[in-house]
Amino acid sequence: MSAEKGWTFALHGSESLVMAGQAPSTATYAATAHRTTAPEALQQNGTITTGKGVRKSEVVYVVGGTGYVKEGGETWKKGPLSDRDIANDVEDPVADLDAFGAYAKSAKVSRTGAGGADVRLQVTASGWQLSAARSRPALKRVVREMEPALVQLRDAGVTAIDSQITLKSFTETWDLDAAHGYRLTSHRYAYTFLIPYRGGDITVSQEVRADNRGAFAGSVALPSGAAAAREAAW
């Protein structure tokens, strides 16, 4: 990916929380991300839409290893990428591809496209208890992404412990352009967790896709006000 100064990605995501007997809680996300490689920086502009049709803008920057997030009319917040509340707002396919190296041996490799010219890497998992999934490199992100929903559920009275929560399914797919140095063309991941509650299950699901829209020749710079943002608190 370092062959170009930067790249543009189209981002699409959806998430849902379904509890028996209640209307599902859903949200979708769409954004455009510009990711530069030298220096490494990210600018992400998108919109979150709830199942009730409420729309909220979201702006995300990653500069110098620090994340900056502004949702709707709220003030900027910032923090290191190790902070869950910051990391869960960042969709950086280039950084994700670097992190993939820690569990790439788990991937199934196949040829796709005309004449098998492209390469697909896919990792799947199912049946893991949350307590065990926390220590698996391939599942680190899905656990992190699911945790805010779990915190809310526990605050609302759901008492399931980690060993009772099950990863029903997980799939992560990388598509690479073999003719151009195995350049990333798309990244997709989807997961579903089952959380026992009152004799049934609460289903927490998420799916995110990033598609490469080509080279980006611009630069990424923090807007005024972001540098003085408060640290994220969680």
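See above for the structure.
In this numbering scheme, every chain counts its residues from 1 along its sequence in written order. Two thresholds apply to this predicted model, a pLDDT of at least 70 for residue-level local features and 80 or more for giving and counting side-chain atom pairs, whereas whole-chain, interface and lining totals are computed over all residues. The basis for the side-chain values is all heavy atoms of the structure; hydrogens and waters are excluded.

Caption draft 1: A look at the overall build of the protein chain. Looking only at helices and strands, the protein chain has 4 helices and 13 strands in total. Restricting the calculation to C-alpha atoms gives the radius of gyration, and the globule rule supplies 2.2 Å times the number of residues raised to the power 0.38. Rg of the C-alpha trace for the protein chain: 18 Å, near the compact-globule value of 17 Å for 234 residues, within the 12% margin. When the backbone C-alpha atoms are referred to their principal axes, the protein chain occupies close to 55 × 50 × 30 Å. Here the term buried applies to any residue with accessible area under 20% of the maximum for its type, exposed to any over 50%, and partly exposed to those in between, with areas from a 1.4 Å probe on protein chains only. Looking at the 234 residues of the protein chain, the share that counts as buried comes to 43%. Note on contacts: a residue pair qualifies if any of its non-hydrogen atoms lie within 4.5 Å across the two residues. Long-range contacts, defined here as pairs at least 24 residues apart, represent 55% of the contacts in the protein chain between residues at least 6 apart. Of the roughly 11,900 Å² that the protein chain leaves accessible, carbon and sulfur atoms contribute 51%. With 26 positive and 25 negative side-chain charges, the protein chain shows a spacing of 2 Å between the two charge centroids. By the criteria applied, helices consist of DSSP H or I runs no shorter than four residues and strands consist of E runs no shorter than two, each listed in order from the N terminus. Accessible surface area values rest on a Shrake-Rupley calculation with a 1.4 Å probe, where residue burial reflects the displayed protein chains alone. Under the convention used here, Asp and Glu are negative, Lys and Arg are positive, and both His and the chain ends fall outside the count. Just so you know, the charge point we use is NZ for Lys, CZ for Arg, CG for Asp and CD for Glu.

Caption draft 2: The arrangement of the pattern of salt bridges in detail. One side-chain nitrogen of Lys or Arg within 4 Å of one carboxyl oxygen of Asp or Glu is enough to make a salt bridge. With the rule as written, the count across this model stands at 15 salt bridges. A salt bridge links Lys77 to Asp89; its shortest N-O distance comes to 4.0 Å. With a gap of 12 residues between them, Lys77 in strand 6 (residues 77–80) and Asp89 in the loop between helix 1 (84–87) and helix 2 (93–100) connect regions that are remote in the sequence. The same class applies to Lys77 and to Asp89, which are both buried. Between Arg209 and Asp211 there is a salt bridge, and its shortest N-O distance comes to 2.8 Å. Relative accessible area serves as the criterion here: at 36%, Arg209 is assigned to the partly exposed category. A relative accessible area of 10% means that Asp211 is categorised as buried. One connected set of salt bridges, linked through shared partners, spans Arg84, Asp85, Arg134, Glu147, Arg154 and Asp162.

Caption draft 3: Representation of helix 4 (residues 140–155). When the terminal C-alpha atoms of helix 4 are compared, their 23 Å separation across 16 residues agrees well with the 22 Å that a helix rising 1.5 Å per residue should span. Helix geometry: helix 4 is bent most strongly at Glu147, by close to 35°, with proline Pro148 lying one to four residues after it. For helix 4, every residue scored as buried is listed here: Arg141, Val142, Val143, Glu145, Met146, Glu147, Ala149, Leu150 and Leu153. One or two residues past the end of helix 4 sits Gly157, with phi positive at roughly 110°. By this rule the span expected of a helix is its residue count minus one, scaled by 1.5 Å. To get the bend at a residue, fit one axis to the 7 residues ending there and another to the 7 starting there, then take the angle between the axes.

Caption draft 4: Examining empty space enclosed by the protein more closely. Throughout, the protein atoms alone are placed on a 1 Å grid, and a set of points is a cavity if a 1.4 Å probe fits but cannot get out or a pocket if it is open with protein on both sides within 12 Å along at least five of seven lines; lining residues have an atom within 4 Å of a point. Grid points are joined across faces, edges and corners, and a volume is the space filled by probe spheres set on the points. Going through the model one piece at a time under the given rule, you end up with 1 cavity of 30 Å³ or more. Its boundaries defined by the atoms lining it, the largest cavity holds a volume of some 30 Å³. Taken together, Glu91, Pro93, Asp96, Arg141, His187, Val208, Arg209 and Ala210 make up the lining of the largest cavity. Contributing elements (two or more residues each) for the lining of the largest cavity: helix 2 and strand 12 (200–215). In terms of residues, the lining of the largest cavity owes the most to one element, strand 12, which gives 3 residues. For this classification, Asp, Glu, Lys and Arg are treated as charged, while Ala, Val, Leu, Ile, Met, Phe, Trp, Tyr, Cys and Pro are nonpolar and the rest, including Gly, are polar. Residues belonging to the lining of the largest cavity are distributed by class as follows: 3 nonpolar, 1 polar and 4 charged.

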